[in-house]
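Architecture and fold: a report
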Amino acid sequence: MSLKIPYKTTHRQLKHTFGLHGGPRARIARLRMLVTAVIRHERIETTRKKADEARGYTERLLYEAIKHGDKHGPTMELADFWLLEKDLIHKLFKVLVPRYRDYTTAYTSIYHLPIPYPGPEKPLGLLELRGNPWPPVFPKKRRNEGLLNNILIEEAKHEYRLRKYQLKMSDMRSEWHDFTDSVVGFKSVRKLVQEESETPKVTSADNIESQVKALSMQDTEDSTEADSTKTGRAGDNDGTPV
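Residues numbered from 1 in each chain as written. Predicted model: local features only at pLDDT ≥ 70, side-chain atom pairs only at ≥ 80, totals over all residues. Heavy atoms only, no water.

To continue, consider the sheet that holds strand β3 (residues 124-129). Across the sheet, which stays open at both edges, the 3 strands sit in the order β1-β3-β2 with antiparallel pairing between neighbours. Two strands bound the open sheet, and with one partner strand each, they are β1 (43-47) and β2 (108-113). Neighbour-to-neighbour, the strand axes of this sheet turn through a mean angle of 25°, independent of strand direction. Helix-sheet contacts for helix α2 (residues 48-68) involve β1, β2 and β3, and the interaxial angle to β2 is about 175°. (Pairing = 2+ DSSP bridges. Helix = DSSP H or I, 4+ residues; strand = E, 2+ residues; numbered from the N terminus. Axes fitted to C-alpha atoms, helices over the stretch in contact; angles between N-to-C directions. Contact = heavy atoms within 4.5 Å.)

And the structure:
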């Protein structure tokens, strides 16, 4: 037989059951009380270990009752053993079996409860039957989208996002204009460089020849000036006018 919940192949040691050194009898008695309470109230609070241990026996009892019904002798003996209050046998077969007949999941749920401070050191748990009439452990989330406050907040968020998007678009446009201006300036500079490179340049031989001619003309001018100064000085010494 395979249950619809994970379970251990060995039973859990429940210490300090009905005092110190209660033994196997006290352990079975405690589990029978827990299973009876679950069937009776459909939700109980106890320690996590006891809740997890009682869950397996409750699942097994419900499974056998759903599978074989109230006409099966061993199933009736099992229900008579685990249910200390005999009126719950009728509830098991007439109420719980029709409820869980088409279930594809587990018949019970277990939750971990917070430890109050100051409180017991043992972690607490909650074991319940699914489909019970009690309020849910975790309440359903209330839909508040249609409230006036939430509508105003959503509109304010929308306006803020729209304004932020517009500012971002304006920044992107300014950056794009700066980029295009820089590209146009680069193209103009490149065009000027190309025009300068296309203008004819003087070859190195012509440049050297022009420099030689300029030097020769300067030498001739210097020599003529020197001769004129010499003749002027000689005329002064002879007493003859230049």
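Attention shifts here to the side chain of Lys 50. Position of Lys 50 relative to the elements: it lies in helix α2. Glu 53 provides the closest opposite charge to the buried, unpaired Lys 50, separated from it by 12 Å. (Buried < 20%, exposed > 50% of the residue type's maximum accessible area, 1.4 Å probe, protein only. Lys, Arg positive; Asp, Glu negative; His and termini not counted. Salt bridge = Lys/Arg side-chain N within 4 Å of Asp/Glu carboxyl O.)

Take the confidence of the model for the chain next. The predicted model of the chain has a mean per-residue pLDDT of 80, with 70% of residues at 70 or higher. Per-element confidence in the chain ranges from a low mean pLDDT of 58 for helix α6 (residues 204-238) to a high of 95 for helix α4 (residues 87-100). Taken as a whole, residues 233-242 scores under 50 in pLDDT and shows 2 contacts with residues more than four places along the chain or in a different chain. (pLDDT = per-residue confidence, 0-100.)

In this section: the environment of Met 76. The topology assignment puts Met 76 in helix α3 (residues 73-82). Taking relative accessible area as the criterion, Met 76 reaches 28% and is therefore assigned partly exposed. A sequence separation of 15 residues divides Met 76 from Leu 61, and the C-alpha atoms of the two residues are 10.0 Å apart. In this structure Met 76 touches Asp 70, Ile 89 and Phe 93, once residues within four positions along its chain are discounted.

Inspection of α3 places Thr 75, Ala 79 and Trp 82 among the buried residues, and these make up the whole buried set. Seen end-on, α3 carries its buried residues on one side only, within an arc spanning 75°. Among the exposed residues of α3, those oriented more than 90 degrees off its buried face are Pro 74 and Glu 77. Lining the buried residues of α3 we find α1 (23-41), α2 and α4. (Arc of directions from axis to C-beta.)

Another aspect to go through is the packing of α2 against α3. Remark: α2 packs on α3, axes separated minimally by 10 Å, with the N-to-C direction vectors making an angle of 150°. The angle between α2 and α3 places the two elements in the roughly antiparallel class. Taken as a pair, α2 and α3 cross one another with a handedness that is left-handed. Counted together, Tyr 57, Leu 61, Glu 64, Ala 65 and His 68 of α2 and Thr 75, Leu 78, Ala 79 and Trp 82 of α3 form the full contact between these two elements. (Parallel < 35°, antiparallel > 145°, perpendicular 65-115°, else oblique. Left-handed = near helix turned anticlockwise from the far one by under 90°.)

Size it by volume and the largest pocket reaches roughly 500 Å³. If you trace the largest pocket, you find 22 residues lining it, with Leu 3, Tyr 7, Lys 8, Gly 56 and Tyr 57 closest to the centre. When contributions to the lining of the largest pocket are tallied by element, the ones reaching two or more residues are α2 and α3. Tallying contributions element by element places α2 first for the lining of the largest pocket, with 7 residues. Counted by class, the lining of the largest pocket contains 9 nonpolar, 7 polar and 6 charged residues. (1 Å grid on protein atoms, 1.4 Å probe; cavity = no way out; pocket = protein on both sides within 12 Å on 5 of 7 lines; lining within 4 Å. Points joined across faces, edges and corners; volume = space filled by probe spheres on them. Nonpolar A, V, L, I, M, F, W, Y, C, P; charged D, E, K, R; others polar.)

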